[in-house]
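# Analysis of the macromolecular model
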There are 2 protein chains.
Amino acid sequence: MDYGARYKRYADMVEEALTGGIETLGGVSELAGAMKYSLLAGGKRIRPVVLLAFAEACGGNLEHALPFACGLEMIHTCSLIHDDMPCMDDDDMRRGRPTNHIVYGDAMALLAGDGLLTLAFEVMLEPGHFKLKGGADARRAAGAAYQIALGTGERGMTGGQALDITASCENATIERLTATDELKTCGLFSAAARAGCVIAGAGGALVDSAGRYGLLLGLTFQIVDDILDVEGDPSVTGKTAGTDAKLNKPTYMSMLGSERCRARARELTEQAANEMNAFGSGGDFLRELAQKALLRVQ
Amino acid sequence: MDYGARYKRYADMVEEALTGGIETLGGVSELAGAMKYSLLAGGKRIRPVVLLAFAEACGGNLEHALPFACGLEMIHTCSLIHDDMPCMDDDDMRRGRPTNHIVYGDAMALLAGDGLLTLAFEVMLEPGHFKLKGGADARRAAGAAYQIALGTGERGMTGGQALDITASCENATIERLTATDELKTCGLFSAAARAGCVIAGAGGALVDSAGRYGLLLGLTFQIVDDILDVEGDPSVTGKTAGTDAKLNKPTYMSMLGSERCRARARELTEQAANEMNAFGSGGDFLRELAQKALLRVQ
């Protein structure tokens, strides 16, 4: 199966599970609608794809991994909703549509994020009720959900968001920026990679290689996003252009410039490819995925 | 051991675990400080106490139950921080101190809530890293964490908060108010009761009795809180008085009046006590706990 077909197969599995699963919610007030609005906004589902690819590279069962892939996307969606709120980045548009709080109001958007963050753990810990097959061994399931919690919380994505909101061009260094992104963006990518291995029952050395791949991929994505924020076409990226500059936020672009950003992204992609050697031919797809991230700006 | 000594024993276990555990966080930016500020604000720890009491009533190991008790309190604290924010209830004071967003700002308060909600699942799924002993069977641990996720999310507390923010005196009925509280307040109480049984390995009938007890206790608490919001002394309750009336929110007090509220609370407490019959003498403490809730307004 070529790269595109395989990506589509993983992404379609996730899309179908998310679409079917969200309908099973209680539909209390507008909350389920607000959660669904952002969850089914048609993202690339790249974090769940990474998780499923690692599970398959380790010889795991994709049906067992699917609840964790869905959970990861719910957590990512929570972070987007909360990040867009007026007290955070105050963004009106996301993926070409009005952001959650513009449609549902700030209070409901806050709760929609909380609801998705919690639903992730419901789905991972008892996949049956979300019409997912699940059935992974309880120890592996708890272990994979733990990896995802760790990548999400204070030592992961949320900790990185906290560093990000206190960042300004005045206190910026490239080290601080990298430390921020290693938590903010890389937290969920590393968690995706590690959880995919854990759910497949892989051992510690593979889990650690996967975690490093996730970190390198996350940094590549962040640099590429920074480049696209300046040079990208809003009709393609679906985002308001120049947001970072408007917020007076330090970025790789403002600190390194376009050429050095591209060189750094190439270097990170090579390192990520090297981490995949431990997975043999099972790692080919993930090596190519890192390359494709880079190609968006080459 | 009498009621007071037993309550103190449970609450002290939780306080000690929370205090020691929060120090193990990474301390990124101000986030860990903001999480700690609200988590260690000296609440009564009643939800964790209910969880530990049910675990003990079912013959379970308190050390195995402790991570779940701590997780529950972290989730409750998240809900308080987010509820107090300007886009929600806009409260400046909580437990006699300025609320989280007053001290840390709206963005950090939002993240502190997200961080605590996530930390709850970290602690429940891998108690070892939080210096808790843990060690419960993985299937029981995943089951208990699932009960807590269910009581927290769209079909629990968060769903109830969503109903609550769309409530007004114009659309108020006693049925809608009760349906709101059965999710908003009772979600975590039921989850506490059910998770305590699950972690101890108790069977379905006991778990269901426990869940009904949690529901009845939660409703009692909500009615008692509504009474205290009107009639209570802010120096005792630690809350701004008359908040509900200020927000034009329907309450049991505004709909039933003081006398009928007290009668309803007595009736619920009796029903809760009856649910404890299935637990034999192990249920005595929980029967008394429901009585004490009532005594705050008798």
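Just above, that's the structure.
Overview of the structure. (Residues numbered from 1 in each chain as written. Chains lettered and ligands numbered in written order. Predicted model: local features only at pLDDT ≥ 70, side-chain atom pairs only at ≥ 80, totals over all residues. Heavy atoms only, no water.)

Looking only at helices and strands, one finds 15 helices and two strands in chain A. Whereas a compact globule of 298 residues would reach a radius of gyration of roughly 19 Å, chain A reaches 18 Å, a difference of no more than 12%. The principal-axis extents of the C-alpha atoms in chain A amount to approximately 50 × 50 × 35 Å. Computed over 29 positive and 39 negative side-chain charges, the inter-centroid distance for chain A is 4 Å. (Helix = DSSP H or I, 4+ residues; strand = E, 2+ residues; numbered from the N terminus. Rg over C-alpha atoms; globule rule 2.2 N^0.38 Å. Lys, Arg positive; Asp, Glu negative; His and termini not counted. Charge placed at Lys NZ, Arg CZ, Asp CG, Glu CD.)

Further remarks concern the relation of the copies chain B and chain A. It takes a turn of 180° to lay chain B on chain A, together with a shift of 0.0 Å along the axis; the resulting RMSD is 0.0 Å. Seen this way, the second copy is the image of the first under a two-fold rotation axis. (Least-squares fit on C-alpha atoms with pLDDT ≥ 70 in both.)

Residues and elements named next belong to chain A. Applying the stated criterion across every chain, the model contains 36 salt bridges over all chains. Put simply, Arg-264 and Glu-267 hold a salt bridge, and the shortest N to O gap is 3.7 Å. Of this pair, Arg-264 and Glu-267 both sit in helix 14 (residues 252-275), three residues apart, which is roughly one turn of that helix. Glu-267 sits in the partly exposed class, given a relative accessible area of 41%. Each of Asp-89, Asp-164, Lys-184 and Lys-249 takes part in a single network of salt bridges with overlapping partners. (Salt bridge = Lys/Arg side-chain N within 4 Å of Asp/Glu carboxyl O. Buried < 20%, exposed > 50% of the residue type's maximum accessible area, 1.4 Å probe, protein only.)

For the rest of this paragraph, the subject is the interface of chain B and chain A. Each side of the interface is counted separately: chain B has 47 residues, and chain A has 47 residues. Summing both sides of the interface, chain B and chain A together bury roughly 4100 Å²; the carbon and sulfur share of this comes to 73%. When the area that chain B buries against chain A is broken down by residue, the three leading residues are Tyr-146, Glu-154 and Arg-155 of chain B, summing to 16%. Across the salt bridge formed by Glu-122 of chain A and Arg-155 of chain B, the nearest N and O atoms sit 2.8 Å from each other. Every element with two or more residues in the side of chain B that touches chain A is listed here: helix 2 (31-39), helix 6 (106-125), helix 7 (138-152) and helix 8 (157-165) of chain B. Top contributing element to the side of chain B that touches chain A by residue count: helix 6 of chain B, with 13 residues. (Contact = heavy atoms within 4.5 Å. Buried area = accessible area lost by both parts, 1.4 Å probe.)

The next point concerns unusual backbone geometry. Residue Arg-45 of chain A is not a glycine yet carries a positive backbone phi of 60°. Residue placement: Arg-45 of chain A occurs in the loop between helix 2 (31-39) and helix 3 (46-57). Despite not being glycine, Arg-95 of chain B shows a phi value in the positive range, around 50°. Within the secondary structure, Arg-95 of chain B is located in the loop between strand 1 (93-94) and strand 2 (97-98).

Our focus in this paragraph is the packing of aromatic side chains. All told, the structure shown has 17 aromatic pairs over all chains when counted by the stated rule. Arranged with centres 5.7 Å apart and planes meeting at 70°, the rings of Tyr-37 of chain A and Tyr-104 of chain A form a pair that is edge-to-face. Residue Tyr-37 of chain A is found in helix 2, and its partner Tyr-104 of chain A is found in helix 5 (residues 100-104); the two are separated by 67 residues along the sequence. Where Phe-54 of chain B meets Phe-279 of chain B, the ring centres are 5.3 Å apart and the plane angle is 75°; that geometry is what we call edge-to-face. Residue Phe-54 of chain B is located in helix 3 (residues 46-57), and its partner Phe-279 of chain B is located in the loop between helix 14 (252-275) and helix 15 (284-295); the two are separated by 225 residues in the primary sequence. Take Phe-54 of chain B: its relative accessible area is 0%, and that puts it in the buried class. One aromatic cluster is present, built from ring pairs that chain together Tyr-3, Tyr-7, Tyr-10 and Phe-285 of chain A. (Phe/Tyr/Trp six-rings, centres within 6.5 Å; stacked < 30°, edge-to-face > 60°.)

Judged by nonpolar contacts, the single largest core of 204 residues is most densely connected at Phe-121 of chain A together with Phe-121 of chain B. Not counting residues up to four positions away in its chain, the partners in contact with Phe-121 of chain A are Ile-75, Ala-145 and Ala-149 of chain A together with Phe-121, Leu-125 and Ala-149 of chain B. (Core = buried A, V, L, I, M, F, W, Y, C linked by side-chain atoms within 4.5 Å.)

Before going further, it helps to spend a moment on the packing of helix 7 (residues 138-152) of chain A against helix 6 of chain B. The geometry of helix 7 of chain A relative to helix 6 of chain B is characterised by a closest axis approach of 9 Å and an angle of 145° between their N-to-C directions. Pair helix 7 of chain A / helix 6 of chain B crosses with left-handed handedness. Facing Ala-142, Ala-145, Tyr-146, Ala-149, Leu-150 and Thr-152 of chain A of helix 7 of chain A, the residues of helix 6 of chain B in contact are Thr-118, Phe-121, Glu-122 and Leu-125 of chain B. Looking at the contact of helix 7 of chain A with helix 6 of chain B residue by residue, the classes come out as seven nonpolar, two polar and one charged. (Axes fitted to C-alpha atoms, helices over the stretch in contact; angles between N-to-C directions. Left-handed = near helix turned anticlockwise from the far one by under 90°. Nonpolar A, V, L, I, M, F, W, Y, C, P; charged D, E, K, R; others polar.)

Turning our attention to the packing of helix 9 (residues 174-184) of chain B against helix 11 (residues 204-231) of chain B. Residue and element names in this part refer to chain B. Their axes nearest at 9 Å, the elements helix 9 and helix 11 cross at an angle of 115°. The handedness of the crossing between helix 9 and helix 11 comes out as right-handed. Taken together, the residues of helix 11 that come into contact with helix 9 (itself represented by Thr-178, Asp-181 and Glu-182) are Leu-215, Leu-219 and Gln-222. Split by residue class, the contact of helix 9 with helix 11 holds two nonpolar, two polar and two charged.

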